[in-house]
Amino acid sequence: MFTANTTLMLVATFLPLLGALVLLLVPKGQRKVFEYGSLAVMILSFLLSVSFWFGYDRSSAAVQWYHAWTWIPSIGVKFAVGMDGISLLLWLLTTFIGPIAIACSFGSINERQKEYYIWMLVLQTAMLGVFITQDMFLFYLFWEVMLVPMYFLIAIWGGPQKLYAAIKLFLYTLAGSVLMLVAILAIYFLQHKTTGVYDFSLASFQAMAPVIAQQTKTFQILLALAFFIGFAIKVPMFPFHTWLPDAHVQAPTAGSVILAAILLKMGTYGFVRFLLPILPWATRALLPFFITLALIGIVYGALVAMIQKDMKKLVAYSSVSHLGMCMLGLFALNPYGIEGGLFQMLNHGISTSGLFLAVGIVYERRHTRMIADFGGLSKSMPVYATIFMIMVMSSLGLPLLNGFIGESIILMGSFQAFPWAALVATLGIILGAAYLLWMYQRVMFGPIAPVNEKMKDLNLREVLYFAPLIVAAFWIGLYPKPVMEIMDAPVHKLVMQVNPGFYQAQALEAQQASAARIGMHGMEAPEVATEAIHGGGH
């Protein structure tokens, strides 16, 4: 139903694009207009989005504020928008990070400021559009559009090897997108063959799950692999991760923040929204393969991060490890695992954004990111050292901060499904603490070189754009309930779609426990339910 909230959702989403069009009319050289104008647009978009946090019905798993307009009727394409709890949280994270990404760019972008801020605004609308769309054609359109601004942000304002990194990002993502498009079209034509209707709506694609389950196993596996590769490149999962370190290292600070906080979440979001509910049998059949890659990513990313000499590359490889943990949770196919994976996606957006901002600050002052070039910075930059420490502790999962909650729930869910994988994943957490603390110790403590003694501490603008991240890290760590409540109903619905035996098994276990208490023994769980308990349905 079309409501005022639907209008507000569209305004918050497309306001950055409107701001970009307005900035096109501003003459070059008006640096302050581009900086403060784009910041004002991002802040306004965020303020408009906040009302959805309070207006969301947490008891419902349905898509809320839904409306669809006929767009291309001949092929069944509609401009359909709406959000459930999962997409709402990622949409809010995007509007939250937008002003921070703009604010950290002040002073560091010294050429072609007009084009830079216009591309930042266009990118924001493209990312927001991914999370509100309820049409597969529209989703694919936003998915591809957001690649263009990021390409130019890296290729024009990046580091010495910016063109190589930008082209690598473009080619990897494009390859994955083509495979995803093939899978979308295969389901689209299968749907027409089955129902006689052409329809790109997300609901109709998810409704095709029983029909797809009747097709050959080879067909289902190929579809699942096409979706998997498309989304795994975006996450990125091992071995599709090689574009990420190059992109992060060469991107400007704001580009790295957006990559870490939002763009990587597009891949995990794709798994939750498309692969799991549309291809549940194939997902369960491929679970050993998916879990193995997730575990390799967790350990490999952490080990490679430990040997990095460049702080930015270290943080980039930490993302490979942390996102592998998110994928492990999602592939547990139970409420704890999926909710933990989604929760950790938000946490990663907060903590890793803070780490990239911290690295960007010392790079602006010294024009180096090499760990060996620093030491003793806590003496000359005490405020910076304090904030950097909070972000490090958030990333490694210290209790009372946001990372601890997400990792704990993921381990609970994965241990319930496959205990051996949870044990391997803990190694990634231990290594994460090692490389982050080692980096912090080498940068902040020890003897200080004369050049580092002259480094200025954080100014007011820098403190202000760190402040929201710090508040979010402590708030989620101390009181995660509001975030979890938004996810509960959609996660329950997703588990019912991909692993319906889980809740049946839980109910049967409860019956057995009750019977045992009153002396009624001999009840046995059906084989399928037992598998759901111990193997996540695979």
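Computed from a predicted model, the values in this text were never measured in an experiment.

Asks: Sorry if this is basic, but what is going on with the overall build of the protein chain here?
Replies: Summing up its helical and strand segments, the protein chain has 25 helices and two strands in all. Its C-alpha radius of gyration of 23 Å places the protein chain within 12% of the 24 Å reference for a compact globule of 538 residues. Projected onto its principal axes, the C-alpha coordinates of the protein chain cover approximately 75 × 55 × 40 Å. Put simply, the protein chain has 538 residues, and 60% of those count as buried.

Asks: I'm lost on the packing of aromatic side chains in this one. Help?
Replies: Here a ring pair, both rings aromatic, is described through the centre-centre distance and the interplanar angle of the planes. Applying the stated rule across the entire model yields 41 aromatic pairs. When the centroid spacing of 5.0 Å and the interplanar angle of 15° are considered together, the rings of Trp119 and Phe152 count as stacked. On the criterion of sequence distance, the pair formed by Trp119 in helix 4 (residues 113-132) and Phe152 in helix 6 (residues 147-157) is long-range, its members being 33 residues apart. When its relative accessible area of 24% is taken as the criterion, Trp119 is described as partly exposed. For Phe152, a relative accessible area of 29% gives the class partly exposed. Here the aromatic residues Phe14, Trp69, Trp71, Phe79, Phe137, Phe142, Tyr188, Phe189, Tyr198, Phe200 and Phe205 are joined through ring pairs into a cluster of three or more.

Asks: Looking at this structure, how should I read the side chain of Thr368?
Replies: The residue Thr368 is located in the loop between helix 16 (335-366) and helix 17 (377-380) in this model. A polar contact is formed between the side chain of Thr368 and the backbone nitrogen of Met370, at a distance of 3.2 Å. In this structure, Thr368 is in contact with Val362, Tyr363, Asp373 and Phe374, ignoring residues within four places of it in sequence.

Asks: How should the confidence of the model for the protein chain be read in this particular structure?
Replies: Detailed reading of the predicted model is not advised wherever pLDDT is low. Taken over all residues, the pLDDT of the protein chain has a mean of 89, while the share at 70 or more is 94%. Counting interchain partners and residues more than four positions distant, the pLDDT-below-50 stretch residues 523-538 has 36 contacts.

Asks: Help me understand the packing of helix 1 (residues 4-24) against helix 4, please; the structure alone is not making it clear to me.
Replies: How two helices pack is summed up by the angle between their axes together with the distance between the axes. At a closest axis distance of 8 Å, the pairing of helix 1 and helix 4 adopts a crossing angle of 160°. With respect to helix 4, the element helix 1 is oriented roughly antiparallel. Every pair of crossing elements has a handedness; the one defined by helix 1 and helix 4 is left-handed. Packed against helix 1, whose contacting residues are Met9, Leu10, Ala12, Thr13, Phe14, Pro16, Leu17, Gly19, Ala20, Leu23 and Leu24, the element helix 4 presents Lys114, Tyr117, Ile118, Leu121, Val122, Gln124, Thr125, Leu128, Gly129 and Ile132 at the interface. Class assignment for the residues of the contact of helix 1 with helix 4 results in 15 nonpolar, five polar and one charged.

Asks: In this structure, what is going on with the nonpolar core? I would like to understand it.
Replies: As a rule of thumb, soluble globular proteins bury nonpolar side chains together. Membership of the largest hydrophobic core comes to 199 residues, with the highest contact counts inside it found for Trp91, Phe227, Met237, Phe271, Phe331 and Tyr384. Here Phe331 is in contact with Phe228, Met237, Phe271, Leu276, Leu287, Phe290, Ile291 and Phe418, once residues within four sequence places are set aside.

Asks: Can you walk me through empty space enclosed by the protein in this structure?
Replies: The final tally for this structure, using the stated rule, is five cavities of 30 Å³ or more. Of the volumes computed, that of the largest cavity is approximately 80 Å³. Lining the largest cavity are Ile298, Ser321, His322, Met325, Ser395, Leu396, Glu407, Gly428, Ile429, Gly432, Ala433 and Tyr435. Elements represented by at least two residues in the lining of the largest cavity include exactly helix 15 (311-330), helix 18 (382-396) and helix 20 (419-444). Looking at the lining of the largest cavity, the element that brings in the most residues is helix 20, giving five residues. Among the residues forming the lining of the largest cavity, the class breakdown is six nonpolar, five polar and one charged.

Asks: Help me out: how do you make sense of helix 22 (residues 460-478) in this one?
Replies: Count 3.6 residues to each turn of an α-helix, and residues three or four apart come out pointing the same way. Over its 19 residues, helix 22 runs 26 Å from end to end, which matches the ideal 27 Å to within 8%, given 1.5 Å per residue. All of the buried residues in helix 22 are Glu462, Tyr465, Phe466, Leu469, Ile470, Ala472, Ala473, Ile476 and Gly477. Against the buried residues of helix 22 lie helix 3 (85-103), helix 16, helix 18 and helix 19 (402-417). The N-terminus of helix 22 is capped by Asn459, whose side-chain oxygen sits 3.2 Å from the backbone nitrogen of Arg461.

Asks: How should I be thinking about a nonpolar patch on the surface in this particular structure?
Replies: On the surface, Leu17, Leu18, Leu21, Val22, Leu24 and Leu25 cluster together into a nonpolar patch covering about 580 Å² of accessible area. With respect to the helices and strands, the residue Leu18 is situated in helix 1.

Asks: Explain the pattern of salt bridges to me, please; I cannot follow it from the model alone.
Replies: Side chains carrying opposite charge are able to pair once their charged atoms draw close together. Here the structure, examined in full by the defined rule, presents seven salt bridges. Of the charged contacts, one joins Glu35 and Arg31 as a salt bridge, the two residues approaching to 3.0 Å between their closest N and O atoms. Separated by four residues within a single helix, Glu35 and Arg31 lie in helix 2 (residues 31-55), roughly one turn from each other. Note on Arg31: relative accessible area 25%, which makes it partly exposed.

Asks: Would you explain unusual backbone geometry in this entry?
Replies: A negative phi angle characterises most non-glycine residues, just as the trans form characterises most peptide bonds. Geometrically, the link from Val235 to Pro236 is a cis peptide bond, its omega value of -5° lying close to zero. That bond from Phe238 to Pro239 is cis: its omega, 5°, falls within 30 degrees of zero. Looking at the secondary structure, you find Pro239 in the loop between helix 10 (217-234) and helix 11 (243-250). Despite not being glycine, Arg112 shows a phi value in the positive range, around 50°. One can find Arg112 in the loop between helix 3 and helix 4. Take Arg112: its relative accessible area is 47%, and that puts it in the partly exposed class. Although it is not a glycine, His367 sits at a positive phi angle of roughly 60°. You can see His367 is positioned in the loop between helix 16 and helix 17.

Each value, and the rule that gives it
- Residues numbered from 1 in each chain as written.
- Predicted model: local features only at pLDDT ≥ 70, side-chain atom pairs only at ≥ 80, totals over all residues.
- Heavy atoms only, no water.
- Helix = DSSP H or I, 4+ residues; strand = E, 2+ residues; numbered from the N terminus.
- Rg over C-alpha atoms; globule rule 2.2 N^0.38 Å.
- Buried < 20%, exposed > 50% of the residue type's maximum accessible area, 1.4 Å probe, protein only.
- Phe/Tyr/Trp six-rings, centres within 6.5 Å; stacked < 30°, edge-to-face > 60°.
- Polar contact = N/O pair within 3.5 Å; in protein donor to acceptor, adjacent residues only side chain to side chain.
- Contact = heavy atoms within 4.5 Å.
- pLDDT = per-residue confidence, 0-100.
- Axes fitted to C-alpha atoms, helices over the stretch in contact; angles between N-to-C directions.
- Parallel < 35°, antiparallel > 145°, perpendicular 65-115°, else oblique.
- Left-handed = near helix turned anticlockwise from the far one by under 90°.
- Nonpolar A, V, L, I, M, F, W, Y, C, P; charged D, E, K, R; others polar.
- Core = buried A, V, L, I, M, F, W, Y, C linked by side-chain atoms within 4.5 Å.
- 1 Å grid on protein atoms, 1.4 Å probe; cavity = no way out; pocket = protein on both sides within 12 Å on 5 of 7 lines; lining within 4 Å.
- Points joined across faces, edges and corners; volume = space filled by probe spheres on them.
- Expected span 1.5 Å × (residues − 1).
- Patch = residues over 30% accessible without salt bridge, like charges linked within 9 Å, V, L, I, M, F, W, Y side chains within 5 Å.
- Areas by Shrake-Rupley, 256 points an atom, 1.4 Å probe, with all protein chains shown as cover.
- Salt bridge = Lys/Arg side-chain N within 4 Å of Asp/Glu carboxyl O.

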